[in-house]
Amino acid sequence: MKNIILIKRYAHIWLGGVLVLMQLSSCSDILDKEPILETSATELFSSSKKISEYLEGVYQRLGSTLPSYFSTTDMRGDEFDDILQNGNLSAYDMNLSVDGTSGQWNGLYRAIGEANDFLNHLESARDVVGDAYEQYRSEALFVRALSYYYLTVLYARTYHLQPEALAVPLRLGTPETSQDDLAPSTIEAVHQQILADVSDAHIAALPTGKNSISGVTHATQAAAHVLRQRIYLERWEWQKAIDEGEAIQGYALGGLTDIFVPPYYTEESILSFPYGANNSNSLATSFYLANSTALEDTYSGIFALPLYAQEGDVRFSQLTYKPNTHRTITKYRDVSSGSDWIPVFRYSEVLLNLAEAYDQLGQEDKAKTLLLQVRRRAISAEDDQLDESSLSGRYLREAIYLERRIEFVGEGIRSIDIHRRGETFWKRKGGNEIIVGPADSGYIFPIPLSETSQNKLIKSDH
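As the structure is a computational prediction, the values presented were derived from the model and not from experiment. (Residues numbered from 1 in each chain as written. Predicted model: local features only at pLDDT ≥ 70, side-chain atom pairs only at ≥ 80, totals over all residues. Heavy atoms only, no water.)

**A word on the overall build of the chain**
Our working rule: Helix and strand assignments follow DSSP, with helices taken as H or I runs no shorter than four residues and strands as E runs no shorter than two, numbered in order from the N terminus. Summary of the burial criterion: residues with accessible area below 20% of their type's maximum are buried, those above 50% are exposed, and those between are partly exposed, where the area comes from a 1.4 Å probe applied to protein chains only. Contacts between residues were defined by any pair of non-hydrogen atoms, one from each residue, lying within 4.5 Å. Residue burial considers only the protein chains on display, and all accessible areas are found by Shrake-Rupley using a 1.4 Å probe.
Looking only at helices and strands, the chain has 21 helices and eight strands in total. Here the chain holds 462 residues, and 60% of them are scored as buried. Counting only contacts in the chain whose residues sit at least 6 apart along the sequence, the fraction spanning at least 24 positions is 71%. For the chain, the exposed surface amounts to about 16,900 Å²; the carbon and sulfur share of it is 49%.

Written as C-alpha cells, this is what we have:
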C-alpha cells in the first residue's frame, strides 16, 4: 500500500499535474487551465485561492478514475457485449483476474488519500480559509464518501444479504488507518462511514447551486442527498431513501440529449465530472466507435426488448446508433479529445429511485406517477406501446427496473442495480452462458495484487 496511501510520499509529485478546475466563467476556461506546480504543503495552504485549487485537484483525482470505472461496471452488466474480447474482458466473462481492476482500486484510494491529506492540512489553515472552512471540509468528505461507495460496488458483497461481510479497508487519514497493514472493514462499517461523511451537518455546509459549472462539478446539498439515497437503497431502507429523494428540490427534467453535448449540464444535472485536454474521458472510444469494445448485447441488452427499442423513444432513436450488426450508444462522442463529461447523478435517477422505494412500500400510485414522469420525457403516450394500465404489482416493479436500464444505459448503473439487489449476473461468451450468483466467487472483484502484496491483513478473496 506504500504506493497508494502514504500521501506525503507522492503528493508533491501528483500535485504538479493537478488540473485546476476553478469556478470560472466558461467551460473552456476550466478545462484548459494549466496545472499548478506547488510542491510544499505549507505553500499550498498559504492562501484561500491555493486551497481552492488544491480542492479542485481532489475532485480531479477521482474524476481521472471514473472513465475506466464506468467502463468496467457497464461491461460487468448485461447491456453490452465485448465484441473485440479485449479491454474489460475480465468484467465481461466474470472470470475475474486478481489485477483486473487494479487501476480502479488504486485510483479510488488515491482520491481517498488526497481527500484525507486535504482535510488534515485544512485544519491548520482555518484562519486562512475563513468562512469557507466548513464548505471545503464537507466537499472533501463528500469525495471520500463517493470513492468508498464506488469501492463497495466492486469489492463488497450485497449488503442486504451479508451486511457483516468484509469489504475494503477504511483509511481515514489518521495514524492508525495509514499503516500498510490494515484489515478490511465490514460493509456495514463502510456504509456508516459514508453516512458520517455526508451527515446532516456536512450537507448543511455544502452549497445549493445548480445548473452552472460550479453547481454541477462540485458537491452540493443535492449531490449528498443522492449519495445517501443510493446507500439507503443498498440497505433496503426504503423510507429513508424516499426522505433523501424528497429533500432534493429545484431540479427538473429538461431536454434529454442536452445532457450529453456542451455545455454538458442542464436543470437535470446534479453532479457531473468534466474532462478536457489535460484529463480526457476515454468512454467515447469504448462506446461510440463502430469497432469499439462495448456494443449492444443483442440477446440480453435492453434494446433487445421491443418496448424499449421504439423509434419514438429519444433514448433509442437519438442516443444510440447502429454502425454495423450491433447498436451502441452516443452519449460519449468526442473520440479525438475526450472532452465528454460524465454524468454521475441526474434528477431522473432521483425520480426512479423514489419510484422503486415507493413501490417497495406498496405505494403503487406514487411509484407509477414517478415512473411515467421519466418515461414521458423520452416518449409520448401516443407513441408508446407500453400499456400503462398493466403497471401494477410485479409488472410495475419490472417496468421500474427496465426504465432504469434504458434511462442510464452506458452510465455505469446497471451492474450497480444487479449487485445491490443481489440478482444474478448473466452474460454470454460465444455459445456459452455465464451465470454468477451473489454467493459465487466471481460476483465481486478480488482485491488487486497491488494491495495484497503490501497489506498482510487482507486477502484477494476476502
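**Looking at helix 9 (residues 133–155)**
Quick reminder of the rule: Under the convention used throughout, the expected extent of a helix is 1.5 Å for every residue step, that is, one less than its residue count.
Here helix 9 is 23 residues long and its end C-alpha atoms lie 33 Å apart, about the 33 Å a rise of 1.5 Å per residue gives. Judged by how many residues are buried, helix 9 sits mostly within the fold: 20 of 23 residues are covered.

**Here we look at the packing of aromatic side chains**
Let me state the cut-off plainly: Paired rings are identified among Phe, Tyr and Trp, the last through its six-membered ring, by centres lying within 6.5 Å, and are further divided according to the angle between planes into stacked (under 30 degrees), edge-to-face (over 60) and tilted (the rest).
Per the counting criterion, the structure on display carries 19 aromatic pairs. Judged by centre distance (5.6 Å) and plane angle (90°), the ring pair of Tyr54 and Phe118 falls under edge-to-face. Taken together, the residues Tyr54 in helix 4 (residues 48–63) and Phe118 in helix 7 (residues 102–123) connect sequence positions 64 residues apart. A relative accessible area of 0% means that Phe118 is categorised as buried. Connected via pairs of aromatic rings, a cluster forms that spans Tyr69, Phe70, Tyr149 and Tyr150.

**Comments concerning the confidence of the model for the chain**
Note the threshold: Known as pLDDT, the predictor's confidence for each residue is given on a scale from 0 to 100.
On average, the chain scores 87 in pLDDT, and the residues at 70 or more come to 87%. Contacts of residues 1–39 to residues separated by more than four positions or lying in other chains number 97 contacts, the stretch itself having pLDDT below 50. Per-residue pLDDT stays below 50 along residues 86–90; that stretch engages in 10 contacts with residues further than four places along the chain or on separate chains.

**Thoughts on helix 7**
Over its 22 residues, helix 7 runs 32 Å from end to end, which matches the ideal 32 Å to within 8%, given 1.5 Å per residue. Burial analysis of helix 7 places 17 of its 22 residues in the buried class, which makes it a mostly covered element.

**Quick notes on the environment of Val226**
One can find Val226 in helix 13 (residues 221–234). The class of Val226 is buried, set by a relative accessible area of 0%. When the C-alpha atoms of Val226 and Ala247 are compared, they prove to be 9.4 Å apart, with 21 residues separating the residues in sequence.

**Looking at the nonpolar core**
Using the following cut-off: Within this scheme, the nonpolar core is defined by two criteria: the residues are buried Ala, Val, Leu, Ile, Met, Phe, Trp, Tyr or Cys, and they are joined through side-chain atoms within 4.5 Å.
Formed by 112 residues in total, the largest nonpolar core has its most connected members in Phe118, Phe142, Leu146, Ile270 and Phe345. Here this core takes 15 residues from helix 9, the largest share from any one element. Non-local contacts of Phe142, meaning those with residues more than four positions away in its chain, are made with Asp197, Val198, Ala219, Ala223, Ala224, Leu227, Leu271 and Phe345.

**Some details on the side chain of Glu244**
What counts is decided by this rule: Distance and chemistry together define a polar contact, namely a pair of N or O atoms within 3.5 Å, with one atom able to donate a hydrogen and the other to accept it when in protein, and with adjacent residues in sequence counting only for side-chain atoms on both sides.
With respect to the secondary-structure elements, Glu244 resides in helix 14 (residues 238–246). Of note is the side chain of Glu244, whose polar atom sits 3.1 Å from the side chain of Arg228. Discounting residues that sit within four places of it in the chain, Glu244 has contacts with His225, Arg228, Gln229 and Tyr232.

**Things to note about the environment of Ser336**
Among the structural elements, Ser336 can be located in the loop between strand 5 (328–329) and strand 6 (342–346). Polar contacts involving the side chain of Ser336 include one to the side chain of Asp334, which spans 3.1 Å.

**Re unusual backbone geometry**
Residues Pro262 and Pro263 are joined by a peptide bond in cis, for which omega reads 5°. Checked against the element boundaries, Pro263 lands in the loop between helix 14 and strand 2 (269–273). The residue Asn211 is not glycine, and still its phi comes out positive at about 50°. Checked against the element boundaries, Asn211 lands in the loop between helix 11 (200–205) and helix 12 (213–217). Taking relative accessible area as the criterion, Asn211 reaches 40% and is therefore assigned partly exposed.

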